[in-house]
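# Fold and contact review
Chain residues, written in single-letter form:
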Amino acid sequence: MKKADIGLIGLGVMGANLALNIAEKGFRVAVFNRTLARTQEFVAEAGPLASNIVACETLEALAGAIERPRPVILMVPAGRAVDEQIAALRPLLDRDDIIIDAGNANFRDTRRRMETLMGDGPRFLGIGVSGGEEGARHGPSIMIGGAQDAYRTVEPILNAIAARYGDEACAAWLGPDGAGHFVKTIHNGIEYADMQMIAEVYGVLRDGHGLAAGDIAPIFAKWNEGRLNSYLIEITAEVLAARDTSTGKPLVDVILDSAGQKGTGRWSAIEAQTLGIPATAIEAAVAARSLSAIKHEREIGEARFGVPAPAADPVDEQRLAILEQALLAGKVVAYAQGFAVMAGASREFGWNLPLGTIARIWRAGCIIRSQFLGEIAAAYDAAPETEDLLLTPAFAALMETTHPHLREVVAQSARAGIAVPALSSALAHFDTFRRARGTANLIQAQRDYFGAHGFERIDRAGTHHGEWVRDV
Ligand code: NAP
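Running from N to C, helix H12 (residues 280-293) and helix H14 (residues 317-349) cross one another at 105 degrees; their axes reach a closest spacing of 7 Å. In terms of axis orientation, H12 runs roughly perpendicular to H14. For the pair H12 and H14, the contacting residues are Thr280, Ala281 and Ile282 in the first and Ala334, Gln337 and Gly338 in the second.

Structure representation (structure tokens):
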């Protein structure tokens, strides 16, 4: 029997769909799952694609079923499961074979694994796969990191299964070691900020203007036809229009207001902090999820402090246009921050990350896919060395027209007692960014006063100390 082109371990939501996608593109895929019954169920449900699937009951059988050099995708939960699978596969694979971790790994784990496998092998790739279940099945965005020679071996398969934007595959090798998983992490961090800002605008319309979910749905649907056009805005309109079959109420109204998180958003914020790159909109979105989780405390808070009643402000077309522009401005800042974090990591780890390519492979397949990413790609193409997306001509012009609307929404929300943490962080970032003389002169002075840390002067080089007169 013809050997498989690739192996895949872990037939959960992502693995099963990725395996079907691979089989559909004409490649033979050998599959293994820890729980054997799942493998059997998977093959039974694969229909005609089963002819391209080799079901394996053991890892030994999997290793024996693949053409050399043998690429094996791991689609298991990030963390220990990945280390266990690598340890189990290592004695079964050769130096030239390739283990591909396609889960949401922490890029620091990916770096460690690559270092461990360096020399004796097998080779190792860390790839980020975005697009959820649908993307895995019909075309995800794929962010690849690791040795380029290993990538070349699997490039035809990854290109074939990736989403397409026009003729272009949304898959690219982005750099060595943990580059792929780092970029996927920041993708998810940006996704957090994008989702949070959308939720904040929903909050303004619901709590500030008293609109029902069914009234808000067409607003997002309309925005999806404009500059905000994106998968997240599109699904927001659909989600808000959905009804709960058991109560007949809007489904969002019966869903608990506590959102979970698995790690990538938090890792984005941690890595931004570690690199010293401000990513305040992403951090605010991560913190907002944590605040959402303390439901009990928030209930006590409401009982103690109360919440302002929805204003009877009418929502006219002008108000909606302001909200749309505010969301756009917030989004620009969040993306600028995410890309700045990637630029910082690229410098720190010597990855030479292609920022324009990253924007390009996010245009389709992934959760943050949008036309807007095409604009980011064009901005980086025009100015590859740019320090900050906010300084590129296209985005500077966009901020110029939209920031007054962001300011208006943040100010009104503050007065109405409606929390818009990601939008207000974005505004604060913009206002700090555009003021050449900030307030850290005072911070420097305070540090010198209490800790003799010294300060720099604007008129002379070197480190100086103040002759502080302390009141003792
Ligand atoms: P899932 O549906 O929970 O499936 C997990 C799979 O891993 C199952 O096949 C499971 O096998 C196997 N597994 C679990 N623990 C294992 C272990 N210790 N050893 C060997 N196999 C083990 O998970 P998923 O949603 O497909 O996610 C897989 C990876 O993709 C994760 O890293 C996730 O973060 C990432 N990811 C998920 C999404 C998404 O939208 N779901 C999107 C992008 C990336 P059993 O059948 O034996 O339990």
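Further notes follow.
It is worth spelling out unusual backbone geometry at this point. Here the residue pair Arg68 and Pro69 is connected by a cis peptide bond, since its omega of -10 degrees sits within 30 degrees of zero. Along the chain, Pro69 turns up in the loop between helix H3 (59-65) and strand E4 (71-74). Across the junction of Gly121 and Pro122, the peptide omega takes the value -5 degrees, indicating a cis bond. In this fold, Pro122 is placed in the loop between helix H5 (107-117) and strand E6 (123-130). At Asn352, a position not held by glycine, the phi torsion is positive, near 55 degrees. Mapped onto the secondary structure, Asn352 falls in the loop between H14 and helix H15 (355-361). Given a relative accessible area of 68%, Asn352 falls into the exposed group. In the Ramachandran plot, Ala452 falls in the positive-phi region, its phi being about 50 degrees despite a non-glycine side chain. In this structure, Ala452 sits in the segment after helix H19 (440-451).

Our next topic: the site of the ligand. Around the ligand sit 20 residues in total, of which Val13, Met14, Asn33, Arg34 and Thr35 are the nearest. Within the side chain of Asn33, one N or O atom sits 2.6 Å away from an oxygen atom of the ligand. Between the ligand and Gln85 there is a distance of 3.4 Å, counted from a nitrogen atom to a side-chain nitrogen or oxygen. With the chains in place, 75% of the 910 Å² that the ligand exposes on its own is no longer accessible.

It is worth spelling out the environment of Ser290 at this point. Among the secondary structure elements, Ser290 is positioned in helix H12. Taking relative accessible area as the criterion, Ser290 reaches 39% and is therefore assigned partly exposed. Along the sequence, Ser290 and Gln261 sit 29 residues apart, while their C-alpha atoms lie 8.5 Å from each other.

Moving on to the domain arrangement of the protein chain. The domain architecture assigned to the protein chain consists of domain 1 (6-177), domain 2 (185-433) and domain 3 (437-472). Averaged C-alpha coordinates put domain 2 and domain 3 at centres separated by 37 Å.

This part is about the packing of H14 against helix H17 (residues 393-416). Packing of H14 against H17 leaves a shortest axis separation of 7 Å and a crossing angle of 120 degrees. In terms of crossing hand, the pair formed by H14 and H17 is left-handed. Residues Arg319, Ile322, Leu323, Gln325, Ala326, Leu328, Ala329, Gly330, Val332 and Val333 of H14 form the contact with H17, whose own contacting residues are Phe395, Leu398, Met399, Thr402, His403, His405, Leu406, Glu408, Val409 and Gln412. Counted by class, the contact of H14 with H17 contains 12 nonpolar, 6 polar and 2 charged residues.

Turning to the sheet that holds E6, a few remarks are in order. Backbone-to-backbone hydrogen bonds pair the strands of a sheet. The strands run either parallel or antiparallel. Strand order across the open sheet formed by 8 strands is E3-E2-E1-E4-E5-E6-E7-E10, with mixed pairing between neighbours. Each of the sheet's edge strands pairs with one partner strand only, and the pair in question is strand E3 (53-55) and strand E10 (171-175). Going from strand to strand, the sheet's axes swing by 25 degrees on average, the running direction of each strand aside. In this sheet, E6 lies alongside strand E5 (residues 98-101) in parallel orientation, the contact comprising 4 bridges. In the sheet register, Ile98 faces E6, and the bridge partner there is Arg123. Packed on one face of the sheet, helix H1 (residues 13-24) meets strand E1 (6-9), strand E2 (29-32), E3, E4 and E6 and runs near 160 degrees to E1. Packing against the sheet, helix H7 (residues 148-161) makes contact with E1, E4, E5, E6, strand E7 (141-146) and E10, and its axis sits at approximately 30 degrees to E6.

What follows is about the side chain of Asn21. Structurally, Asn21 is set in helix H1. At 3.0 Å, the side chain of Asn21 and the backbone oxygen of Ile161 are in polar contact. Other than its neighbours up to four places away in sequence, Asn21 contacts Gly135, Ala136, Arg137, His138, Gly139, Pro140 and Ile161.

Looking now at the state of the cysteines. With the rule as written, the count across this model stands at 0 disulfides. Distance from the sulfur of Cys170, which forms no disulfide, to the nearest cysteine sulfur (Cys366) is 7.6 Å. With relative accessibility at 1%, the residue Cys170 sits in the buried group.

Conventions adopted
Residues numbered from 1 in each chain as written. Predicted model: local features only at pLDDT ≥ 70, side-chain atom pairs only at ≥ 80, totals over all residues. Heavy atoms only, no water. Axes fitted to C-alpha atoms, helices over the stretch in contact; angles between N-to-C directions. Helix = DSSP H or I, 4+ residues; strand = E, 2+ residues; numbered from the N terminus. Parallel < 35°, antiparallel > 145°, perpendicular 65-115°, else oblique. Contact = heavy atoms within 4.5 Å. Buried < 20%, exposed > 50% of the residue type's maximum accessible area, 1.4 Å probe, protein only. Near = heavy atom within 4 Å. Polar contact = N/O pair within 3.5 Å; in protein donor to acceptor, adjacent residues only side chain to side chain. Areas by Shrake-Rupley, 256 points an atom, 1.4 Å probe, with all protein chains shown as cover. Domains from an automatic or database assignment. Left-handed = near helix turned anticlockwise from the far one by under 90°. Nonpolar A, V, L, I, M, F, W, Y, C, P; charged D, E, K, R; others polar. Pairing = 2+ DSSP bridges. Disulfide = S-S within 2.5 Å.

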